[in-house]
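The chain contents come next:
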Amino acid sequence: MNLRDHQENEAGKKVWLSQAEVQQLVDIASDTEHRVAFELGARCGLRSAEITAVAPQDVASTDAGPMLRVPDGKGEKYRETPMPANLATTIQTVGDVRDTPSDAPVLSIQSTRSLRRWVKNAREQLAEETGDEGWRYLSTHDLRRTWATSLAEKEVDPLLVLDWGGWEDLETFLDHYKGTYSPAAQRRAREKVAWL
């Protein structure tokens, strides 16, 4: 993680991860529960409170592919967001093998503070193992920012990202949640300009 690729904000650093870095975070997870939590943030764009509330019954197969229903998003608004098929399978499998109802959260933690602790432990371990101090700035909210930035990098329609992420308006999304453009996006833009 290269610190010069990130913007500063009032809380310190505004961080987003490349997909390779997301995979590093997922791979360092101490168990399936931690892996699911990290992926719900970085690959589904969920807010911290939404991550702790996901239940197996929230996974839906649709014509658009696996979707995660977020029945009580910010402002108690319902939305659906796409999810990787392997994450959908993992959550459904957890629901199948445990002795709790399908509407019970898949994670054993109920507080966002516990989730922040999981991310803190993972980021400290990654910083130590990789020698990259940029990991120390990672927050749970940066997982959501990573998701939005990754979609923008792949030129997904911003209005669709707005809908999937549950943002009220495009201005809020662009001002506060979308990270800086990735080095790959900047490189593609530069290639369009012969004199750069």
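What you see is a predicted model; the values in this text were computed from it and never measured.

Asker: How do you make sense of the nonpolar core when you look at a structure like this?
Answerer: Buried together is how nonpolar side chains tend to be arranged in soluble globular proteins. Ranked by size, the top nonpolar core spans 35 residues in total, and within it Leu-40 and Ile-91 carry the most contacts. Secondary structure elements with two or more residues in this core: α1 (19-28), α2 (32-42), β4 (65-70), α4 (85-97) and α5 (112-130). Aside from chain neighbours lying at most four places away, what touches Leu-40 is Gly-45, Leu-46, Ile-51, Val-54, Leu-68, Leu-87 and Ile-91.

Asker: For this particular structure, what's the right way to read a nonpolar patch on the surface?
Answerer: A contiguous nonpolar surface patch, about 260 Å² in accessible area, is contributed by Leu-159, Leu-170 and Leu-174. Judged by its relative accessible area of 54%, Leu-159 is exposed.

Asker: Would you mind going over the pattern of salt bridges with me for this structure?
Answerer: Pairs can form between side chains of opposite charge whenever their charged atoms are close. Evaluated as defined, the whole model comprises ten salt bridges. A salt bridge links Glu-133 to Arg-136; the nearest nitrogen and oxygen atoms lie 2.7 Å apart. Here Asp-142 ties to Arg-145 by a salt bridge, and the two come within 2.3 Å at their closest N and O atoms. One end of the pair is Asp-142 and the other is Arg-145, both in helix α6 (residues 140-153) and three residues apart, which spans about a single turn. By relative accessible area, which is 2% here, Asp-142 ends up buried.

Asker: Explanation requested: the packing of α2 against α4 in the structure shown.
Answerer: When two helices pack together, their arrangement is given by the angle between the helix axes and by the axis-to-axis distance. Two numbers describe how α2 lies on α4: the axes approach to 11 Å, and their chain directions differ by 135°. Considered as vectors, α2 and α4 are oriented oblique to each other. Considering how the two elements wind past one another, α2 and α4 form a crossing that is left-handed. Between α2, through Thr-32, Arg-35, Val-36, Glu-39 and Leu-40, and α4, the contact on the second element is made entirely by Leu-87, Thr-90 and Ile-91. Split into classes, the residues belonging to the contact of α2 with α4 amount to four nonpolar, two polar and two charged.

Reading the values: rules and limits
- Residues numbered from 1 in each chain as written.
- Predicted model: local features only at pLDDT ≥ 70, side-chain atom pairs only at ≥ 80, totals over all residues.
- Heavy atoms only, no water.
- Core = buried A, V, L, I, M, F, W, Y, C linked by side-chain atoms within 4.5 Å.
- Buried < 20%, exposed > 50% of the residue type's maximum accessible area, 1.4 Å probe, protein only.
- Helix = DSSP H or I, 4+ residues; strand = E, 2+ residues; numbered from the N terminus.
- Contact = heavy atoms within 4.5 Å.
- Patch = residues over 30% accessible without salt bridge, like charges linked within 9 Å, V, L, I, M, F, W, Y side chains within 5 Å.
- Areas by Shrake-Rupley, 256 points an atom, 1.4 Å probe, with all protein chains shown as cover.
- Salt bridge = Lys/Arg side-chain N within 4 Å of Asp/Glu carboxyl O.
- Axes fitted to C-alpha atoms, helices over the stretch in contact; angles between N-to-C directions.
- Parallel < 35°, antiparallel > 145°, perpendicular 65-115°, else oblique.
- Left-handed = near helix turned anticlockwise from the far one by under 90°.
- Nonpolar A, V, L, I, M, F, W, Y, C, P; charged D, E, K, R; others polar.

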